Amino acid sequence: MKHTPEKENKELTAQVEILLTTLDHISTYVFTKDLQGRYTFVSPNTQAVFGYPTEEIIGYNDSKFFSLDQSNELTINDQIVMQEGRRLSKEERNVIAQTGETRYYATLKEPLLNNNGSIIGLFGVSRDITDHKKLEQRENARNKILELLTKNTPLTTILQEIVKLVEQEKSSTLCSILLLDIEKKHLITGAAPSLPNFYNEAINGVEIGPTVGSCGTAAYTHQRIIVEDIQTHPFWLPYKELASKANLSSCWSQPIFGTNDILGTFAIYQHNISTPDSSDIELIEFASQLAALAIERHKSTERLQLAARVFNETKETIVITDANMLITDTNPAFYETTGYKLEEVIGQNPKILSSGKQAPELYSSMWQTITQYGHWQGEVWNRKKNGELYAAL
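Residues numbered from 1 in each chain as written. Predicted model: local features only at pLDDT ≥ 70, side-chain atom pairs only at ≥ 80, totals over all residues. Heavy atoms only, no water.

### As for the layout of surface pockets
Consideration 1: Each pocket or cavity is described by its volume, and for the largest pocket that value is around 860 Å³.
Consideration 2: Around the largest pocket sit 27 residues that line it, and Thr317, Val319, Met366, Asn382 and Ala392 are the ones nearest its centre.
Consideration 3: In terms of residue count, helix α12 (residues 360-373) provides more of the lining of the largest pocket than any other element does, four residues in total. (1 Å grid on protein atoms, 1.4 Å probe; cavity = no way out; pocket = protein on both sides within 12 Å on 5 of 7 lines; lining within 4 Å. Points joined across faces, edges and corners; volume = space filled by probe spheres on them. Helix = DSSP H or I, 4+ residues; strand = E, 2+ residues; numbered from the N terminus.)

Here it is in structure tokens:
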């Protein structure tokens, strides 16, 4: 059966459509550019990435679709391919100008040649690796926060770092972390480096309630609060002028949950009216969990430091034993009272202090009570290192 040119063209067109559909399903984008860096062809799925229809992409360079820094970087990569005539494989980071979204691509670019072998542009294939990159970045972020915690970095510094990490991942956002006060009634600024000072000062100390903006309501209801349009939402009625002055149009607030209670809120603001998608929800949940880790670790450290101060500064003697009733530690007051240094009693049984004035049954009863109830109260006569007797209450 003879193939006509028309039939061959139809078959070729069908094969190309199948190829483009396949590329679309695996998040791979095909494009060509001329020597001036203007797009001459893009696969149909590219318009979803750029936010423009194909006819508004063809004939334009990257400056229309990306930030100046990003488009300059892409232009440099393109020039390497077209001027040096070599293949370039590189990871590229693109911030979509229309949405502010950051995407990552593994991109391969090759010179595009005419029939005479002259370079007339380039051919490129980009594969979206954003999800993989975000997982990698978030793991790095978690490790960085853990490292800061081990160095006893101030909590404010750590919270600011968490905010910056989120703002870097979603560059169109401004974020804040608010902490509940001891009474669990007011929100105190924990970190909001990108928000105007006048805004932070106005919000600091706000009392939480069922209709108090996004954060005050989230802290009160223990629910995520999404406000796409601040100016029309009833929760923001008392604060919409303040938000307008700060050029804030939307606010999504996520409660920061601790092990047993709510600790505060993590908020994402944007200059434009905006509704979160699934990736935005994942991001705000990740940020709130990271903040919870930092806040609870900080509080735990504070409690340990307080306990250490009490242990070292109290005038009451404290003896710590292991499960075998052998001494593992004593406080300074123990030495002042008994005359025994720590190194002299470690590994010893507390009975080295026994004066012999109490019957053995008293000690048996005492340890039984401690084991059962966690404490014992009473008076025991002990003997100091120099043989002097003293009453231990």
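That was the structure; now back to the text.
### Quick word on empty space enclosed by the protein
Consideration 1: This structure, assessed with the given rule, holds three cavities of 30 Å³ or more.
Consideration 2: Estimated volume of the largest cavity: approximately 180 Å³.
Consideration 3: Of all the secondary structure elements, the ones that give two or more residues to the lining of the largest cavity are β1 (28-34), α2 (46-50), β3 (88-95) and β4 (102-113).
Consideration 4: Per-class residue counts for the lining of the largest cavity are eight nonpolar, four polar and four charged.
Consideration 5: Put simply, the second largest cavity is a space of about 80 Å³.
Consideration 6: Taken together, Tyr199, Ile203, Val206, Val212, Gly213, Ser214, Cys215, Gly216, Trp236, Tyr239 and Tyr269 make up the full set of residues lining the second largest cavity.
Consideration 7: Of all the secondary structure elements, the ones that give two or more residues to the lining of the second largest cavity are α6 (197-203) and α7 (215-221). (Nonpolar A, V, L, I, M, F, W, Y, C, P; charged D, E, K, R; others polar.)

### Overview of the side chain of Glu92
Consideration 1: Position of Glu92 among the secondary structure elements: in strand β3.
Consideration 2: A polar side-chain atom of Glu92 sits 3.3 Å from a polar atom in the side chain of Thr107.
Consideration 3: A polar atom in the side chain of Glu92 sits 3.1 Å from the side chain of Lys109.
Consideration 4: Contact partners of Glu92, with chain neighbours within four places excluded, come to Leu74, Asn77, Arg103, Tyr104, Tyr105, Thr107 and Lys109. (Polar contact = N/O pair within 3.5 Å; in protein donor to acceptor, adjacent residues only side chain to side chain. Contact = heavy atoms within 4.5 Å.)

### Details of the pairing of strand β13 (residues 327-330)
Consideration 1: Across three bridges, the pairing between strand β12 (residues 319-321) and β13 is antiparallel. Each residue of the ladder has a partner; that of Ile320, found in β13, is Asp329.
Consideration 2: The hairpin turn running from β12 into β13, its antiparallel successor, is five residues long, and Met325 in that turn takes a positive phi close to 65 degrees. (Pairing = 2+ DSSP bridges.)

### Quick word on the packing of helix α4 (residues 130-150) against helix α9 (residues 278-313)
Consideration 1: α9 packs onto α4 with a crossing angle of 15 degrees between their chain directions and a minimal axis gap of 10 Å. Considering the angle they form, α4 stands roughly parallel to α9. Considering the relative orientation of α4 and α9, their crossing is right-handed. Across the interface between the two elements, Lys134, Arg138, Ala141, Arg142, Ile145, Leu146 and Leu149 of α4 pack against Ser279, Glu282, Leu283, Phe286, Leu290, Leu293, Ala294 and Arg297 of α9.
Consideration 2: Class assignment of the residues belonging to the contact of α4 with α9 gives a composition of nine nonpolar, one polar and five charged. (Axes fitted to C-alpha atoms, helices over the stretch in contact; angles between N-to-C directions. Parallel < 35°, antiparallel > 145°, perpendicular 65-115°, else oblique. Left-handed = near helix turned anticlockwise from the far one by under 90°.)

### Considering the packing of aromatic side chains
Consideration 1: A full pass over the atoms with the stated rule returns 10 aromatic pairs.
Consideration 2: When the ring of Tyr29 is compared with that of Tyr105, the centres are 6.0 Å apart and the planes differ by 80 degrees; the resulting orientation is edge-to-face. Taken as a pair, Tyr29 in strand β1 and Tyr105 in strand β4 lie far apart in primary sequence, 76 residues in all.
Consideration 3: Cluster of aromatic residues (ring-pair linked, three or more members): Phe31, Tyr39, Phe50, Tyr52, Phe65 and Phe66.
Consideration 4: Just above the ring of Tyr52 sits the side chain of Lys64; from NZ or CZ to the centre is 4.7 Å.
Consideration 5: Directly above the ring of Phe198 sits Lys245, whose terminal nitrogen or CZ lies 4.5 Å from the centroid. (Phe/Tyr/Trp six-rings, centres within 6.5 Å; stacked < 30°, edge-to-face > 60°. Lys NZ or Arg CZ within 6 Å of the ring centre and 35° of its normal.)

### Overview of the sheet that holds strand β6 (residues 173-180)
Consideration 1: The sheet built from six strands is open, its strands ordered β8-β7-β6-β11-β10-β9 with antiparallel pairing. The outermost strands of the open sheet, each flanked by one partner alone, are β8 (206-207) and β9 (225-227).
Consideration 2: Relative to strand β10 (residues 250-257), β9 runs antiparallel, the two sharing three bridges. Bridging across to β10, Val227 finds its partner in Cys251.
Consideration 3: Helix α5 (residues 155-169) contacts β6, β7 (186-191) and β11 (262-270) of the sheet and is inclined by roughly 150 degrees relative to β6.
Consideration 4: Docked against the sheet, α9 engages β6, β9, β10 and β11, running at close to 40 degrees with respect to β10.

### Looking at unusual backbone geometry
Consideration 1: The backbone phi angle of Asn152 is positive, close to 55 degrees, even though this residue is not glycine.
Consideration 2: Within the fold, Asn152 resides in the loop between α4 and α5.
Consideration 3: Non-glycine residue Lys184 carries a positive phi angle of around 60 degrees.
Consideration 4: The residue Lys184 is located in the loop between β6 and β7 in this model.

### Quick notes on helix α3 (residues 68-84)
Consideration 1: Here α3 is 17 residues long and its end C-alpha atoms lie 24 Å apart, about the 24 Å a rise of 1.5 Å per residue gives.
Consideration 2: For α3, the complete set of buried residues consists of Gln70, Ser71, Leu74, Asn77, Asp78, Val81 and Met82. The buried residues of α3 occupy an angular sector of 130 degrees when the element is viewed end-on, so they sit on one face. Exposed residues on α3 whose side chains face more than 90 degrees from its buried face are Leu68, Asp69, Gln83 and Glu84. (Expected span 1.5 Å × (residues − 1). Buried < 20%, exposed > 50% of the residue type's maximum accessible area, 1.4 Å probe, protein only. Arc of directions from axis to C-beta.)

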